[in-house]
Amino acid sequence: MKKLCSTFGFSVSLISLSCAFHTAHAAEAFDSQSQWMFGDWNGQRTALQQKGYDFSLGYTGEVATLLDSDHHSNGGTEYADQFAIGAHFDLNKILGWQDTEAQITVTERNGRNLSNTSDALNSHLSSVQEVWGRGQTWRLTDFWIKKKFLDQKLDVKVGRFGEGEDFNSFDCDFQNLALCGSQVGNWVGDQWFNWPVSQWAARFKYNVTPEVYAQVGAYEYNPENLERGKGFNLSTDGSKGAMIPAEVVWTPKLGAAKLPGEYRAGYYYSTVDAAEITDATKTDHKQGGWVVAKQQLTAHQGDASRGLSGFVNLTVHDSDTNKVSDMQNIGLVYKGLMDSRPQDEIAIGVARININDDVNAANITNNNVDARGLQNEEYDAEIYYGIHATNWLTIRPNVQYVHHVGAYKNGENAWVGGIKFNTSF
């Protein structure tokens with residue numbers, strides 16, 4: 001065990017911590033059936049949850065290496081990661097405040113992104129390591145309180161958080177950014193801030209039926225929140241306006257097997273002045289919309305916890321101010337394909353990112369056409385196999401393919417190998 005502790009992991013602090021906990025709590029730490037690597041702290045963790053205190057420490061690591069490309073022989077390998085330290089409070093249990101809860105999350109990102117360091121991926125619109133970005137620094141990612149009213153039909157959330165937590169939300173199991181998380185935030189990222197950036201915000205959700213709800217929000221736009229040294233910025237001094245999203249969500253359970261689905265349709269409008277692409281002296285306001293659909297399609301031999309699911313993401317953005325005019329992704333996920341591995345999954349996804357025609361027009365006017373030609377579409381594809389190693393560790397080796405890097409007509413085509421893993425301490 002001493003030899004294992006001396007070689008496991010990517011961080012000296014992680015090694016020391018894991019070894020210490022293994023020594024102190026050998027009966028519980030590293031139990032494959034536990035939801036936490038370090039176990040239940042001799043029952044104290046569950047006891048705290050029952051009292052309304054739920055503490056978490058998660059870690060995501062991503063490796064990416066260039067396998068092959070058309071015009072670049074140099075490879076390169078990069079590693080990026082993120083720690084997320086959280087505390088969720090059930091304020092009904094703690095203070096007697098009915099239907100009220102709160103969340104605090106602090107994140108820290110490290111590492112480098114192959115999309116930024118590899119010549120083959122120069123100008124990549126997406127990213128082969130989605131966990132990288134928004135400054136490799138500590139941030140206050142969540143600091144909010146939420147309460148329900150009107151017999152729990154109205155849900156009000158206020159504090160600091162990002163749009164993608166509630167609007168245009170999507171899973172983040174793939175390692176390629178174009179297949180992970182809120183896609184609006186990926187293509188309107190100069191004003192729509194996804195995790196781990198937070199801003200002052202309010203979100204109002206009303207449950208029309210048990211399966212349908214509508215919501216609207218207002219999110220402060222403050223570019224200072226992106227600065228590396230302002231991860232805990234609480235000031236509104238740099239505010240320029242607000243991003244206002246609205247969305248309707250349907251969460252049915254279809255067929256005799258009650259297979260779950262989630263369907264989202266939304267629209268956003270920004271009150272912030274943004275320069276027009278064709279004439280930077282003029283301003284307009286960003287706006288756009290999205291449709292997200294996820295549906296389990298089959299049950300595996302009658303077991304609804306296993307089976308085939310499909311997903312589709314579509315976003316559209318205004319042509320006056322946004323470089324990306326639209327994007328689409330589509331994919332399939334099969335969970336529990338093998339009886340011997342009922343919680344493993346295999347997934348494949350393809351994304352298309354389309355550049356606004358006005359970008360090319362502006363570049364031609366300004367004699368700024370890249371040697372790789374005009375920009376049109378970039379395609380990003382990924383296939384991964386998710387190994388459910390334990391209840392607290394999932395490992396997803398993957399292969400990615402990027403066609404026309406940067407959406408350039410004569411852009412590079414590249415193959416990338418990756419490994420993404422998530423663990424809960």
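Since we're looking at a predicted model, the values are computed, not measured. (Residues numbered from 1 in each chain as written. Predicted model: local features only at pLDDT ≥ 70, side-chain atom pairs only at ≥ 80, totals over all residues. Heavy atoms only, no water.)

Let us now look at the environment of Thr423. By the element assignment, Thr423 lies in strand E17 (residues 414-424). Judged by its relative accessible area of 9%, Thr423 is buried. Discounting chain neighbours no more than four positions away, the residues touching Thr423 are Met37, Leu57, Gly58, Tyr59, Trp392 and Leu393. Polar contacts involving the side chain of Thr423 include one to the main-chain carbonyl oxygen of Trp392, which spans 2.9 Å. (Helix = DSSP H or I, 4+ residues; strand = E, 2+ residues; numbered from the N terminus. Buried < 20%, exposed > 50% of the residue type's maximum accessible area, 1.4 Å probe, protein only. Contact = heavy atoms within 4.5 Å. Polar contact = N/O pair within 3.5 Å; in protein donor to acceptor, adjacent residues only side chain to side chain.)

With that settled, consider the confidence of the model for the protein chain. Mean pLDDT for the protein chain: 91, with 94% of residues reaching 70 or above. Scored below 50 in pLDDT, residues 1-27 makes 18 contacts in the model with residues more than four places away or belonging to other chains. (pLDDT = per-residue confidence, 0-100.)

In this structure the tally under the stated criterion is one disulfide. Between the sulfur atoms of Cys172 and its disulfide partner Cys180 the distance amounts to 1.5 Å. Here the S-S torsion is close to -60 degrees, and the disulfide linking Cys172 with Cys180 is therefore left-handed. Note on Cys180: relative accessible area 4%, which makes it buried. (Disulfide = S-S within 2.5 Å.)

This paragraph deals with a nonpolar patch on the surface. Side chains of Leu67, Leu297, Leu332, Leu337, Met338, Ile346, Ile348, Ile383, Val399 and Trp415 sit close together on the surface and give an oily, nonpolar patch of about 870 Å² of accessible area. As for its placement among the helices and strands, Met338 is situated in the loop between strand E13 (324-335) and strand E14 (345-355). The partly exposed category is assigned to Met338, whose relative accessible area is 39%. (Patch = residues over 30% accessible without salt bridge, like charges linked within 9 Å, V, L, I, M, F, W, Y side chains within 5 Å. Areas by Shrake-Rupley, 256 points an atom, 1.4 Å probe, with all protein chains shown as cover. Salt bridge = Lys/Arg side-chain N within 4 Å of Asp/Glu carboxyl O.)

In this section: the nonpolar core. Considering soluble globular proteins, one finds that nonpolar side chains tend to be buried as a cluster. Trp187, Trp192, Tyr268 and Trp290 are the most contacted members of the largest nonpolar core, which has 29 residues in total. Of all the secondary-structure elements, those providing two or more residues to this core are helix H6 (183-187), strand E11 (283-296), E13 and E14. The biggest single contributor to this core is E14, with four residues. Leu66, Leu114, Ala414 and Val416 belong to the second largest nonpolar core, which has ten residues in total. (Core = buried A, V, L, I, M, F, W, Y, C linked by side-chain atoms within 4.5 Å.)

Another point: the pattern of salt bridges. The final tally for this structure, using the stated rule, is 21 salt bridges. Close ionic contact of Arg396 with Glu345 constitutes a salt bridge, the shortest N to O distance being 3.7 Å. With Arg396 in strand E16 (residues 393-403) and Glu345 in strand E14, this residue pair connects regions lying 51 residues apart in the sequence. A single burial state applies to Arg396 and to Glu345, both of which are buried. Residue Arg352 is joined to Glu377 by a salt bridge in which the shortest nitrogen-to-oxygen separation is 2.7 Å. One end of the pair, Arg352, is in strand E14; the other, Glu377, is in strand E15 (residues 377-390), and 25 residues separate them in sequence. Since its relative accessible area comes to 23%, Glu377 is described here as partly exposed. When salt bridges that share partners are traced, they join Asp155, Lys157, Glu165, Asp166 and Arg203 into one network.

Below, the discussion takes up the pairing of strand E8 (residues 241-250). As defined by bridge partners, strand E7 (residues 212-221) adjoins E8 across eight bridges and the pair is classed as antiparallel. Among the inter-strand pairings, Tyr219 is bridged to a residue of E8, identified as Met243. Bridge count between E8 and strand E10 (residues 259-275): eight bridges; the pairing is antiparallel. Looking at E10, one finds that Ala246 is bridged to Tyr267. (Pairing = 2+ DSSP bridges.)

Counting buried positions over the eleven residues of E14 gives eight, a clear majority of the element. As judged from the eleven bridges shared by E13 and E14, these two strands associate in the antiparallel manner. For Gln328, the partnering residue across the bridge sits in E14 and is Arg352.

Turning to its location among the elements, Asn329 is positioned in strand E13. What makes Asn329 buried here is its relative accessible area of 2%. Within polar-contact distance, the side chain of Asn329 engages the backbone oxygen of Ala178 at 3.0 Å. Discounting chain neighbours no more than four positions away, the residues touching Asn329 are Ala178, Leu179, Gln183, Phe311, Val312, Asn313, Val350 and Ala351.

This next bit is on the environment of Thr390. Within the secondary structure layout, Thr390 lies in strand E15. For the pair Thr390 and Phe30, spaced 360 residues apart in sequence, the C-alpha to C-alpha distance is 8.7 Å. A distance of 3.0 Å separates a polar atom in the side chain of Thr390 from the backbone nitrogen of Leu393.

Turning next to helix H7 (residues 357-365). For H7, the full list of buried residues reads Val359, Asn360, Ala362 and Asn363. In a view along the axis of H7, the buried residues occupy a sector of 160 degrees, so they form one face of it. Exposed positions of H7 whose direction lies more than 90 degrees from the buried face are Asp357 and Thr365. On its buried face, H7 sits against E14. Where H7 begins, one side-chain oxygen reaches toward the backbone nitrogen of Asp358, 3.0 Å away; that side chain belongs to Asn356. Positive backbone phi, approximately 50 degrees, marks Asn367, located one or two places after H7. (Arc of directions from axis to C-beta.)

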